[in-house]
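Here's the letter readout for the chains.
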There are 2 protein chains.
Amino acid sequence: MNTVIESKHRLERKPDKTRRLILEAAYQEIYHHGYQGMRLDVVLSATGLTKGALYHHFPNKQALGYAVVDEVIYGLVQQLWTQPLAASEEPLGTLIHFIGHIGEIFGPDIATYGCPVNNLAQEMSPIDEGFRIRLDQVYLKWRGDIQQALERAQRSGDLRGDLNCGHLANFVLASISGCIGAAKNAQSLEQLQNCGAMLVDYLQSLRTP
Amino acid sequence: MNTVIESKHRLERKPDKTRRLILEAAYQEIYHHGYQGMRLDVVLSATGLTKGALYHHFPNKQALGYAVVDEVIYGLVQQLWTQPLAASEEPLGTLIHFIGHIGEIFGPDIATYGCPVNNLAQEMSPIDEGFRIRLDQVYLKWRGDIQQALERAQRSGDLRGDLNCGHLANFVLASISGCIGAAKNAQSLEQLQNCGAMLVDYLQSLRTP
DNA sequence: TATTTTACATACCGACTGGTATGTTTTCCA
DNA sequence: TGGAAAACATACCAGTCGGTATGTAAAATA
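Residues numbered from 1 in each chain as written. Chains lettered and ligands numbered in written order. Predicted model: local features only at pLDDT ≥ 70, side-chain atom pairs only at ≥ 80, totals over all residues. Heavy atoms only, no water.

1. Let's talk about the nonpolar core
Among the nonpolar cores identified, the biggest contains 134 residues, and Leu64(A) and Leu64(B) are the most heavily contacted of them. Ignoring anything within four residues of it in the chain, the contact list for Leu64(A) reads Ile22(A), Leu23(A), Ala26(A), Met38(A), Leu40(A), Leu54(A) and Phe58(A). (Core = buried A, V, L, I, M, F, W, Y, C linked by side-chain atoms within 4.5 Å. Buried < 20%, exposed > 50% of the residue type's maximum accessible area, 1.4 Å probe, protein only. Contact = heavy atoms within 4.5 Å.)

2. Examining the domain arrangement of chain A
Residues and elements named next belong to chain A. Here the domain parsing of chain A yields domain 1 (1–58) and domain 2 (66–204). A straight line from the C-alpha centre of domain 1 to that of domain 2 covers 30 Å. With twelve residues of domain 1 in contact, the opposing surface of domain 2 contributes 18 residues. When domain 1 packs against domain 2, the two sides together hide about 1300 Å² of surface, and 66% of this comes from carbon and sulfur. When the area that domain 1 buries against domain 2 is broken down by residue, the three leading residues are Tyr27, Tyr31 and Tyr35, summing to 47%. Seen at the junction of domain 1 and domain 2, the total is one salt bridge. Ionic pairing is found between Arg19 and Glu71, a salt bridge with its closest N-O pair at 2.4 Å. Linking domain 1 with domain 2 are six residue pairs in polar contact (both at pLDDT 80 or more), by the criterion used here. (Domains from an automatic or database assignment. Buried area = accessible area lost by both parts, 1.4 Å probe. Salt bridge = Lys/Arg side-chain N within 4 Å of Asp/Glu carboxyl O. Polar contact = N/O pair within 3.5 Å; in protein donor to acceptor, adjacent residues only side chain to side chain.)

3. A look at the pattern of salt bridges
Pairing between side chains of opposite charge can happen when the charged atoms of each approach one another. All names here are of chain A. Within the structure shown, the criterion is met by 14 salt bridges over all chains. With a closest N to O distance of 3.0 Å, Glu24 and Arg20 form a salt bridge. Of the two residues, Glu24 and Arg20 both sit in helix H2 (residues 15–33), four residues apart, roughly one turn of that helix. Since its relative accessible area comes to 34%, Arg20 is described here as partly exposed. Across the salt bridge formed by Lys51 and Asp41, the nearest N and O atoms sit 3.6 Å from each other. Here Lys51, found in helix H4 (residues 51–57), pairs with Asp41, found in helix H3 (residues 40–47); they are ten residues apart in sequence, far enough to count as distant. Residue classification places Lys51 among the partly exposed residues on the basis of a relative accessible area of 44%. (Helix = DSSP H or I, 4+ residues; strand = E, 2+ residues; numbered from the N terminus.)

4. Overview of the interface of chain B and chain A
Often the size quoted for an interface is simply the accessible area lost on bringing the parts together. Between chain B and chain A, the contact holds 37 residues from the first and 37 residues from the second. Taken together, both faces of the contact between chain B and chain A bury some 3000 Å²; the carbon and sulfur share is 57%. Three residues stand out in chain B for area buried against chain A, namely Gln122(B), Asn185(B) and Met198(B), and they jointly supply 23% of the buried area on that side. Taken together, the connections running from chain B to chain A amount to zero salt bridges. Between the two partners, chain B and chain A, sit 13 residue pairs in polar contact (both at pLDDT 80 or more).

5. As for the relation of the copies chain B and chain A
At an RMSD of 0.0 Å, chain B and chain A line up after a rotation of 180 degrees and a shift of 0.0 Å along the axis. Such a combination of turn and shift is consistent with a two-fold rotation axis. When C-alpha distances to the rotation axis are compared across chain B, the minimum falls at Gly178(B), with a value of 1.9 Å. The overlap is high: 100% of the interface residues of chain B also sit at the interface in chain A, so the same surface is used on both sides. (Least-squares fit on C-alpha atoms with pLDDT ≥ 70 in both.)

6. Some remarks on the packing of helix H11 (residues 165–186) of chain B against helix H12 (residues 189–204) of chain B
All names here are of chain B. Across the interface, H11 lies against H12 with an axial gap of 8 Å and an inter-helix angle of 160 degrees. With respect to their mutual orientation, H11 and H12 come out roughly antiparallel. The crossing of H11 and H12 is right-handed. Contacts from Leu168, Phe171, Val172, Ser175, Ile176, Cys179, Ile180, Ala182, Ala183 and Ala186 in H11 reach Gln191, Leu192, Cys195, Gly196, Leu199, Tyr202 and Leu203 in H12. Here the residues of the contact of H11 with H12 sort into 14 nonpolar, three polar and no charged. (Axes fitted to C-alpha atoms, helices over the stretch in contact; angles between N-to-C directions. Parallel < 35°, antiparallel > 145°, perpendicular 65-115°, else oblique. Left-handed = near helix turned anticlockwise from the far one by under 90°. Nonpolar A, V, L, I, M, F, W, Y, C, P; charged D, E, K, R; others polar.)

Written out as structure tokens, the structure is:
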């Protein structure tokens, strides 16, 4: 009977898949409404699960938020920045291309909802130390990736040798976040293009003459 | 009798002063906890007033939030940016000095809690159009002030003439916000100094040779 | 295969929080 | 000066939301 098959299918249990499902849904809600704006009921109805599942995998809302940072956001940075930059044979060009085409690479959501990392950091860093240290880890990694890309560009002669790559990576990351934030405030992809283009111009001016 | 004097004093009514008191307390709460994190009871206990007063001056929480943008935040930008830049006889130098000494000028809170304008814009722009348009007005003003300062610097020969001051003002504002945000994430004034110094270096490189 | 443990679902609670209804005291004005 | 309107205070309500207690079926284990 159909109902038997359906019920059987629905009762299949894949705990790690369920956990991941909750994490992804929570990530989306946090991205769109912030951590404080995220409602557990909404997360659950998005997954089709109930509170029993959620509180089996996570002790409380805060732990879920922490896990989103550690297991979703950190992986996102690794996938979208660490790997492409490490794989590139012309890291400065790749970095510049990323900044100049943020809208195309990351999708238009970036101008509507901003940067997922920065959003959460801005909201939670001052009021929850647990979030702050976890997000600081993400930024440490992200900044390190950019710094390494810049240092490689220096060694290959693309980037001026007198520059402090640590400070520069820091500034580039801050400026990217700032440009995305400005675009989000204005709700304008064009604003993001303009702002990114200025940062690109600046980086181009730092190439070896 | 003492009680008579006290009660008399407590019952003095200055409606516009009361309204302003609520606005300032609400601003502080929004600055520290965000709009969604602001609790009306906390605002009231900070002022010593009760709900009767609040709902006499504002129809609801949203209207209070809007009023904070229009009547507190807008005025803050005008006081801290519009006036100093307009009064300066060397606007580029003033702008650079501002950026290089954000911590000293605006106090250490800027590295702890971030920029009040950007905080609220990042939180509310995507989810409340009323906030977005009001904060967009603030940014329009702010950006215009910087643009005018840059244009004056151009006319006086301090700044390179081939630069688009609108785009530059936009980028400078975004980068400042980004630097403050990065410092807030790291909870580090030193981070703010470093990041600001990079932006200062960039602006210095744009002076006429 | 029997039994324990895991992985959920269901129902419910209590605190919080924005908002309202009503009362009371000033202040304003005719 | 007396009454109306403004400026508050007090008490209370209703919905929301994180969290819990309990039940039950699947999966692991022995």
